[in-house]
Amino acid sequence: MALEDKIVRADAGILEAPLAQAVVQKGGGYIGVVKGNQPELRRALEEWLQLRRAGEAYRPADWHAMEKGHGRIAAWQLWQTECDAEMPQYLHAPLGWPGVQECGWLVRRRQRGGRWEEERHVWVGGAAFAWALRAEQVVAYLRRHWAMENGVSYVHDGWTRIA
């Protein structure tokens, strides 16, 4: 299957170097959140992002939004950084990650029961972006995947309650 000019959104559980390699070999790109199952990649991205931001006293988010629904308030922020020539080489050689072009943080703060909680995720994307990704596009890719994942979980949770 050709993936030319297509972007594969993947859950952190399957977004691993072999998947990224297969997608890139077929001409596509990938984007997704990096979590605990990829500790070396996550650590490398976190360190690189910290170094990139070291010279900036404060940089506002590239995208942000507030949402109300389901009895809670959520505040979303996304920081996006284009990876220079060193980062893709650094991630490809030891970790097998091909063509990393963009990475950053996605932060969600939500208020539930009068208490604020924060989740901070590192995300990565690359290989087929012949255009510069806008922050709104990154958010759409990442959140579209979560919407599908939450829908599947809801159906599964509903099914187990019924059974």
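Residues numbered from 1 in each chain as written. Predicted model: local features only at pLDDT ≥ 70, side-chain atom pairs only at ≥ 80, totals over all residues. Heavy atoms only, no water.

Chemist: In this structure, what is going on with the sheet that holds strand β6 (residues 115-126)? I would like to understand it.
Modeler: In a beta sheet, neighbouring strands are held together by backbone hydrogen bonds and run either parallel or antiparallel to one another. Taken together, 6 strands build an open sheet; the order of strands is β1-β2-β6-β5-β4-β3 and the sheet is mixed. Whereas interior strands pair on both sides, the edge strands pair on one side only; in this sheet they are β1 (7-9) and β3 (63-69). The sheet shows a mean angle of 20° between the axes of neighbouring strands, direction not considered. For β3 and strand β4 (residues 72-82), the ladder comprises 7 bridges, and the chain directions are antiparallel. Residue pairing across strands places Trp63 opposite Leu78, the latter belonging to β4. Across the sheet, helix α2 (residues 39-53) is in contact with β2 (29-34), β4, β5 (100-112) and β6; its angle to β6 comes to roughly 95°. (Pairing = 2+ DSSP bridges. Helix = DSSP H or I, 4+ residues; strand = E, 2+ residues; numbered from the N terminus. Axes fitted to C-alpha atoms, helices over the stretch in contact; angles between N-to-C directions. Contact = heavy atoms within 4.5 Å.)

Chemist: When you look at the environment of Leu45 in this model, what are you seeing that I'm missing?
Modeler: By the secondary structure assignment, Leu45 is in helix α2. Residues Leu45 and Met87, 42 residues apart in the sequence, show an inter-C-alpha distance of 8.8 Å. Apart from the residues lying within four places of it in its own chain, the contact partners of Leu45 are Val34, Met87, Leu91, Cys103, Val122, Trp123 and Val124.

Chemist: Sorry, what's going on with the nonpolar core here?
Modeler: Note on soluble globular proteins: their nonpolar side chains tend to be buried together. Counting 23 residues, the largest nonpolar core has Leu45, Leu91, Trp97, Val100 and Val124 as the members making the most contacts within it. Breaking this core down by element, the ones donating at least two residues are α1 (17-25), β2, α2, α3 (86-95), β5 and β6. Aside from chain neighbours lying at most four places away, what touches Val124 is Leu15, Tyr30, Ile31, Gly32, Val34, Leu45, Trp97, Val100, Glu102 and Cys103. In terms of nonpolar packing, the next biggest core, distinct from the first, is built from 15 residues, Trp63, Leu106, Ala135 and Val138 among them. (Core = buried A, V, L, I, M, F, W, Y, C linked by side-chain atoms within 4.5 Å. Buried < 20%, exposed > 50% of the residue type's maximum accessible area, 1.4 Å probe, protein only.)

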